[in-house]
Amino acid sequence: MSALLLLSLVGIILFSSKFRQSIKAAPKLSVLPVDAIATEQLPRLSVIIPAYNEAENIQDCVTAVLNSTQMTPEQFELWVVDDQSSDNTLAIAQSLQLSLGDPRLKVLVGQPRPNGEVWAGKNWACTQGVEQASGDFLLFIDADTRLQPNGIETALQAAVQEQTDLLSCGPGLICGCLAEWLVQPLMFNQLIAAFNFAEVNDPAATAAFAAGPFMLFRRTAYEQLGGHRAVANQIVEDVELARLTKRSGLKLQYVIGTNIVKVRMYRSWAALWEGWTKNLYLGAHRSVGLMLYLALIVLVVYSLPWLELAIALYETWSSPYTWLPYIDIGLALIIIALQYQLRRIGSQVSGSSTQYWWLSGVGGALVAAIAIGSIIKTETGWGWTWRGRVLQLPEEPIS
């Protein structure tokens, strides 16, 4: 057993090193005070929210956007694009438009997807929103995001000053139910380690990543790429747009934006399972090897130490005169302490907390199951859906 724990110790040390390096290189975008931004000099901005069956989110999302900025209707507009929802999303958005009477808020009834064309995910809704939008910059957010006060102005000013073509903010993390606390912090840590900020932001490097909850485009750059039409059949469109941006010689910037935007992606285990298995494997370019590696890493780093600790404790009870289990207990406790450090550092980046960190062993097993499930569901199509919509495997990723 000590050999397995040594493997786990080596694994968590290596992962911690990679994780810390990525965080150390990560640009952080902090909200600026109102008097530090020349709002009247900012370009016109259009915020676009593609919404499909978002009845539980759309009102809070819209009000958060409107309350987050003092920009006038001449400077700012918010488009809610209902993507043929089967719930009350459209009715809620329209009711909100009437009750608020805010001229910045506009609601678009999305049209059915064109016959004979493959439009995955939110790409068709985003495309329709852009056709109506008049902004020089386009900000795409998801309905489960909550923009923070003065966050829009801060991000827009940063994009202008840095001459950025695509600015994407890694959001702060909101967790509610137990399943979220078990899975989401581990997933966020894995993404931070996998997509090194320095490499993503280096124009000479091939690494590319963008966080779908907050993608701010310079409109001329967006149109040069072909917009969401260029990735119409891609389910993980945010990563594909980031790759397109870098390959086109445009400037991509990926930053930590915990104080700019927060997100609660999923509200139950069922939603977590459906959401992550939908896009995790595709986000890894359908690499079976990477998914199996992810499953192995989370099991070795998070689950194995807790299992070995339980076995060692049982052995000290059943064979009290054997000293070897005490070595295993010591090693397991060291690794578990390092797990806590990972969660603590990750929580500082995501703006969450270390709540339920002591269930990381269970979380590791769940993430491993999601990784394997993502392969199976994507390649076979079994149960591969998003809120009732059957998904179709895209063609080869954009080249």
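Residues numbered from 1 in each chain as written. Predicted model: local features only at pLDDT ≥ 70, side-chain atom pairs only at ≥ 80, totals over all residues. Heavy atoms only, no water.

Draft legend 1. Geometry of the environment of Phe19. With respect to the helices and strands, Phe19 occurs in helix α1 (residues 2-24). Residues Phe19 and Glu56 lie 37 residues apart in sequence; the distance between their C-alpha atoms is 34 Å. In this view, Phe19 contacts Asn189, Ile192, Ala193, Leu342, Ile345 and Gly346; residues no more than four positions away in its chain are not counted. (Helix = DSSP H or I, 4+ residues; strand = E, 2+ residues; numbered from the N terminus. Contact = heavy atoms within 4.5 Å.)

Draft legend 2. Highlighting the side chain of Ser85. Topologically, Ser85 is positioned in the loop between β2 (76-82) and α3 (89-100). Judged by its relative accessible area of 16%, Ser85 falls in the buried class. A distance of 3.3 Å separates a polar side-chain atom of Ser85 from the backbone oxygen of Ala51. A polar contact of 2.6 Å, which involves the side chain of Ser85, links it to the side chain of Asp82. Filtering out sequence-adjacent residues up to four positions away, Ser85 remains in contact with Ala51, Tyr52 and Asn53. (Buried < 20%, exposed > 50% of the residue type's maximum accessible area, 1.4 Å probe, protein only. Polar contact = N/O pair within 3.5 Å; in protein donor to acceptor, adjacent residues only side chain to side chain.)

Draft legend 3. Examining α3 more closely. Its twelve residues place the ends of α3 16 Å apart at the C-alpha level, agreeing with the 16 Å of an ideal helix rising 1.5 Å per residue. Of the positions making up α3, those classed as buried are Thr89, Ala93 and Leu96. Burial along α3 is one-sided: seen end-on, the buried residues are contained in an arc of 60°. Turned more than 90 degrees away from the buried face of α3, the exposed residues are Leu98 and Ser99. Against β1 (45-51), α2 (58-68), β2 and β3 (105-109) lie the buried residues of α3. (Expected span 1.5 Å × (residues − 1). Arc of directions from axis to C-beta.)

Draft legend 4. Representation of α1 within the structure. Taking 1.5 Å per residue, 23 residues should reach 33 Å; α1 reaches 32 Å between its end C-alpha atoms and fits that length. Along α1, the residues classified as buried are Leu5, Ser8, Leu9, Gly11, Ile12, Phe15, Ser16, Phe19, Ser22 and Ile23.

Draft legend 5. Up close: the nonpolar core. By size, the foremost hydrophobic cluster in this structure holds 87 residues, and its most contacted members are Phe19, Phe140, Val183, Phe217, Trp276, Leu280 and Met291. Excluding residues that lie within four positions of it along the chain, Leu280 makes contacts with Met187, Met291, Leu294, Ile370, Ala371 and Ser374. In this structure, Leu29, Met71, Ala143 and Phe214 belong to the second largest nonpolar core, which totals 37 residues. (Core = buried A, V, L, I, M, F, W, Y, C linked by side-chain atoms within 4.5 Å.)

The values reported here are purely geometric and, on their own, carry no functional implication.
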